[in-house]
Amino acid sequence: MALYDYDIGIIGGGAAGLTIASGAAQLGAKTLLIEKEPQLGGDCLHFGCVPSKTLIRSAYLYHQFKQAERFGLPVVDLPPVDFARIAKRIQDVIGQIQRHDSAERFCRLGAKVEFGTVFFRNSHRVDLNGHSVSAKTWVVTTGSSAAVPPIPGLDRVDFLTNRDLFSLERLPASMIILGAGPIGIEMAQAFSRLGTTVSVVGRSEQILSKEDRDMADALQARLAAEGVTFYLGAKIEAVSQVGSKKCVRLRLNPDAAVDLTAETLLVALGRTPNVNGLWLEAAGVDVGPTGIAVDPRLRTSRKHIFAAGDVNGGYLFTHAAGYEGGIVVSNAVFHLPRKVDYTWLPWCTYTDPELASIGMNARRAEAAGLDPIVLSEPFAANDRALVEGEGEGRIKLILDKREKPLGVQILGPRAGDLIAAWVATLNGGVKLSTLASAVHPYPTLAEINKRVTGNLFSPKIFSATVQKGLKLFFNLKGRACTPPDGECRQ
Ligand SMILES: Cc1cc2nc3c(=O)[nH]c(=O)nc-3n(C[C@H](O)[C@H](O)[C@H](O)COP(=O)(O)OP(=O)(O)OC[C@H]3O[C@@H](n4cnc5c(N)ncnc54)[C@H](O)[C@@H]3O)c2cc1C
């Protein structure tokens, strides 16, 4: 008789859990996937990436309609937004994607899906809906939830998090967003564009505090120009309900207290790992301050229990959760020791313009003492961006002293898609000269990737030394025209 009921048991059916369940089952492991919600898909599908990007799309179009004149079109007199219809579209899109994540599909792949409540009895055995179930290997992929810090008064106020935001019945007239990270900033622009008066409160002096200051500041300026108000470097002192309104008391400096009032309050102050109720202590699994503690192979303090995705508190992205799911499958099913390597993990904040990154930004490179070379190219010099009326932003290529790439940041239209060329280039170890000499279709936004790389080679190719050599060997006659004031002389 088998020692355990399953080869592998996975707790949490989101990005990480689904990747592992699909991989393990298709490799022939007897697989159990347990989910507490009535549907699979996790935060990304139901309360995160998919609804937020669907909302952003509606907000983008509404904003574009209002900009009709900029494109030589008649001015459009738009009625206000009916948020219930946007919320319905959000649910429709979720429904389309949900089909890929159905329990039936996973059953066809060979994994058993169970819905309900689960907690550990010991390191191999859980209690699932009152029944005891064992597995040789367990993986915790329970994700994260909006962190709700102990701000005085917050517990007595009706606030929103990402769980309620996408099913509002009507558009709020005003909103205070606590948090200037990716979620807060994306939602600030989207709601502002739809017609909500938005104020953003951030602890740091900079929005998107992980990004380079110049890129974050440029994005902030764009949102401010669209009407979002920022209170940065702020300490939130208290939150209260005043009639039907929410009031937030801030301190911007020792002498200045500011009271903000709005119809709604969105809390986007980071994430907390979903570990409550799992009885991880019964399994001997240690939890650190940001999530379940794991080693580079994603093993917890019990080597046959893994933790992947948001719950381990690492990189809180869907693609990171999927990547980590693959690492778990390698280690737990193939028994091939594989460690995580986040060197070239990209990410993107889906504002307009988008801000995408891969590798080190200039600030991280400087902090690491790498004395980076930063090459830059503006979208204002990209023909397609101008055609589309999207000439704001730029790309930054960060190199070390030997001109080896450390990272890329793009603030501009479709930056999340443009970074894909760098995902391939950097992961594949493609030479920058290959990217610079390759032919790109014209006119495309992607030409900016070639142009920024060209900025490394152009000064060398078109240098005075090369000119001198060519003159000497081939008797070139030099300039045919010189501007009167000599300004363009190189
Ligand atoms: C508003 C918002 C926008 C975002 N946008 C993006 C984006 O554009 N791109 C991006 O890459 N990332 C984005 N993210 C982050 C992304 O959603 C997460 O990184 C991703 O969902 C993590 O996957 P996961 O598998 O770790 O967790 P999840 O996808 O959340 O899955 C965890 C699953 O575990 C279940 N679960 C929890 N506790 C238990 C339990 N006790 N028992 C059983 N099941 C349990 C949950 O119900 C859930 O289904 C966004 C997040 C938010 C909040």
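Residues numbered from 1 in each chain as written. Predicted model: local features only at pLDDT ≥ 70, side-chain atom pairs only at ≥ 80, totals over all residues. Heavy atoms only, no water.

Asks: Which residues make up the overall build of the protein, and what values go with them?
Replies: When helices and strands are tallied, the protein shows 16 helices and 21 strands. Considering only C-alpha atoms, the protein reaches an extent of 90 × 60 × 45 Å along its principal axes. Burial status across the protein gives 48% buried among its 490 residues. In the protein, the proportion of contacts linking residues at least 24 apart, taken out of those at least 6 apart, comes to 62%. Total accessible area computed for the protein in this model is approximately 24,300 Å², and 55% of it derives from carbon and sulfur atoms. Between the centroid of the 54 positive side chains of the protein and the centroid of its 49 negative side chains there is a distance of 5 Å. (Helix = DSSP H or I, 4+ residues; strand = E, 2+ residues; numbered from the N terminus. Buried < 20%, exposed > 50% of the residue type's maximum accessible area, 1.4 Å probe, protein only. Contact = heavy atoms within 4.5 Å. Areas by Shrake-Rupley, 256 points an atom, 1.4 Å probe, with all protein chains shown as cover. Lys, Arg positive; Asp, Glu negative; His and termini not counted. Charge placed at Lys NZ, Arg CZ, Asp CG, Glu CD.)

Asks: Requested: an account of the nonpolar core, with residues and values cited.
Replies: Core analysis: the biggest nonpolar cluster contains 42 residues, and L55 and F191 have the highest contact counts within it. Look past the residues within four positions of F191 in its chain and what remains in contact with it is L55, F83, L165, L168, L171, P172, M175, T196 and V198. (Core = buried A, V, L, I, M, F, W, Y, C linked by side-chain atoms within 4.5 Å.)

Asks: Would you mind going over the site of the ligand in detail, with residue names and values included?
Replies: Close to the ligand lie 34 residues, the nearest being A16, E35, K53, D310 and T318. Measuring from an oxygen atom of the ligand, one finds a side-chain N or O atom of D310 at 2.8 Å. Expressed as a share of its isolated accessible area of 990 Å², the protein-covered part of the ligand is 92%. Breaking the shell around the ligand down by element, the ones donating at least two residues are α1 (15–26), β2 (31–35), α2 (42–46), α3 (49–66) and α10 (318–334). Of the residues in the shell around the ligand, the class split is 14 nonpolar, 13 polar and seven charged. (Near = heavy atom within 4 Å. Polar contact = N/O pair within 3.5 Å; in protein donor to acceptor, adjacent residues only side chain to side chain. Nonpolar A, V, L, I, M, F, W, Y, C, P; charged D, E, K, R; others polar.)

Asks: Give me the sheet that holds strand β21 (residues 405–412): which residues, what numbers.
Replies: One open sheet holds the five strands; their spatial order is β17-β18-β21-β20-β19, and the pairing between them is antiparallel. Only two strands of the sheet have a single neighbouring strand rather than two, namely β17 (347–349) and β19 (373–378). Each strand of the sheet is rotated relative to its neighbour by a mean of 10°, with strand direction disregarded. Where β19 and strand β20 (residues 394–399) come together, six bridges link them in antiparallel fashion. Following the sheet pairing, L375 is matched in β20 by L397. Contacts between helix α15 (residues 447–461) and the sheet are confined to β19, β20 and β21, with β19 contributing the most and set at about 135° to the helix. (Pairing = 2+ DSSP bridges. Axes fitted to C-alpha atoms, helices over the stretch in contact; angles between N-to-C directions.)

Asks: Hey, could you go over a nonpolar patch on the surface for me, with residue numbers and the actual values?
Replies: Together, V466, L470, L472, F473, F474 and L476 make up a nonpolar patch on the protein surface, roughly 660 Å² of accessible area in all. Position of L470 among the secondary structure elements: in helix α16 (residues 464–474). (Patch = residues over 30% accessible without salt bridge, like charges linked within 9 Å, V, L, I, M, F, W, Y side chains within 5 Å. Salt bridge = Lys/Arg side-chain N within 4 Å of Asp/Glu carboxyl O.)

Asks: Explain the state of the cysteines to me, and be specific about the residues and the numbers.
Replies: Two cysteines whose sulfur atoms are joined by a covalent bond form what is called a disulfide. This model, assessed by the stated rule, comprises one disulfide. With a sulfur-sulfur separation of 2.3 Å, C44 is cross-linked through a disulfide to C49. Taking the torsion about the S-S bond as the criterion, the C44 to C49 disulfide, at about -130°, is left-handed. On the basis of relative accessible area, C49 is assigned to the partly exposed category, the value being 26%. (Disulfide = S-S within 2.5 Å.)

Asks: Outline the pairing of strand β18 (residues 354–359), listing residues and values.
Replies: The element β18 is largely enclosed, with a buried count of six among its six residues. In the sheet, β17 pairs with β18 via three bridges, with the strands oriented antiparallel. From the neighbouring strand, W347 faces β18, where its bridge partner is S357. Between the antiparallel neighbours β17 and β18 lie four residues. Here six bridges tie β18 to β21, and the two strands are oriented antiparallel to one another. Bridged to G359 within β21 is G407.

Asks: Can you tell me about the packing of aromatic side chains, naming the residues and giving the values?
Replies: Between two aromatic rings, the relevant description is the distance of the centres plus the angle of the planes. In total, this model carries seven aromatic pairs according to the counting rule given. An angle of 20° between the planes, with centres 5.6 Å apart, marks the rings of F83 and F191 as stacked. Residue F83 is located in helix α4 (residues 83–98), and its partner F191 is located in helix α7 (residues 182–194); the two are separated by 108 residues in the primary sequence. Comparing F83 with F191 shows no difference in burial state: the two are buried. Ring-pair connections join several aromatic residues into one group, and the members of that group are Y315, Y323 and Y342. It is K30 that lies over the ring of Y6; its NZ or CZ is 5.1 Å from the centre. (Phe/Tyr/Trp six-rings, centres within 6.5 Å; stacked < 30°, edge-to-face > 60°. Lys NZ or Arg CZ within 6 Å of the ring centre and 35° of its normal.)

Asks: I'd like a description of the environment of I20, backed by residues and values.
Replies: Looking at the secondary structure, you find I20 in helix α1. I20 gets classed as buried once you look at its relative accessible area, which sits at 0%. Counting along the chain gives 304 residues from I20 to E324, while the straight-line C-alpha distance between them is 8.9 Å. Setting aside its immediate chain neighbours within four residues, I20 contacts I8, I10, V139, T141, A308, G325, V328 and V329.

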